[in-house]
Amino acid sequence: MTVTTFDPVSSVSLTASAQKYFASKLVKQPGKLIRLSTKESGCTGFSYVLDIVDTASGDDTVLEFGNVILAVDSHSVAMLKGTEIDLVREGVNEVVKFKNPNVVAECGCGESFSVS
C-alpha cells in the first residue's frame, strides 16, 4: 500500500477530534483502516460512506494521519477534494461531519449532497 503525503488543499483532511475518534475505533481492530467513499443516495444525489476495512482498494488514495490510515475511493476523490472530516458534539451525541467545499446543495436532513 502506498501512502500519499497529506496535502490540505487537494486532499481529504481529519480534524484532531476526528483522528482521535477513528483511532479509538481502529485500536480494537489492529491492521485495519478507514475507507471513505460515496454512493448515489437520497434526494440530492450522493451520501458519504465510512467503512473499516482490511486493505485499501488498488487505486484508492491512501492518506496517513498519525495512527489513522484513510483510504479514499478513486471514484469519489474528485467530489471529496478539500473535504475536512470532523467529529462534533450535538447535544449528548457525537457526530461525524463532512465540510466539503464542492457541495452545491444538500437535502434538508443533511443525509445527501450534490456537487457541481
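What you see is a predicted model, and the numbers here were worked out from it, not measured in a lab.

### A closer look at the pairing of strand β5 (residues 68–72)
At step 1: Most of β5 is tucked away, with four of its five residues classed as buried.
At step 2: Pairing geometry for strand β2 (residues 33–41) and β5, over three bridges, is parallel. Considered in β5, the bridge of Leu-36 is made with Val-72.
At step 3: Pairing of strand β4 (residues 61–65) with β5, which is carried by five bridges, proceeds in the antiparallel orientation. Among the inter-strand pairings, Thr-61 is bridged to a residue of β5, identified as Val-72.

### Points about the nonpolar core
At step 1: By size, the foremost hydrophobic cluster in this structure holds 18 residues, and its most contacted members are Val-12, Leu-14, Phe-22, Leu-36, Val-68, Leu-70 and Ile-85.
At step 2: Among the elements of the structure, α1 (16–26), β2, β4, β5 and α2 (77–80) are those that each provide at least two residues to this core.
At step 3: Take this core: its biggest share by element is four residues, from α1.
At step 4: The residues contacting Leu-70, other than those within four sequence positions of it, are Val-12, Leu-14, Ile-34, Leu-36, Thr-61, Val-62, Leu-63 and Phe-65.

### A few points about the packing of aromatic side chains
The geometry of an aromatic ring pair is captured by the separation of the ring centres together with the interplanar angle, meaning the angle of the planes.
At step 1: For the structure shown, the criterion picks out two aromatic pairs.
At step 2: Pairing Tyr-21 with Phe-22 gives two aromatic rings, centres 5.3 Å apart and planes at 65 degrees, and the pair type is edge-to-face.
At step 3: Tyr-21 gets classed as partly exposed once you look at its relative accessible area, which sits at 26%.
At step 4: When its relative accessible area of 5% is taken as the criterion, Phe-22 is described as buried.

Reading the values: rules and limits
Residues numbered from 1 in each chain as written. Predicted model: local features only at pLDDT ≥ 70, side-chain atom pairs only at ≥ 80, totals over all residues. Heavy atoms only, no water. Buried < 20%, exposed > 50% of the residue type's maximum accessible area, 1.4 Å probe, protein only. Helix = DSSP H or I, 4+ residues; strand = E, 2+ residues; numbered from the N terminus. Pairing = 2+ DSSP bridges. Core = buried A, V, L, I, M, F, W, Y, C linked by side-chain atoms within 4.5 Å. Contact = heavy atoms within 4.5 Å. Phe/Tyr/Trp six-rings, centres within 6.5 Å; stacked < 30°, edge-to-face > 60°.

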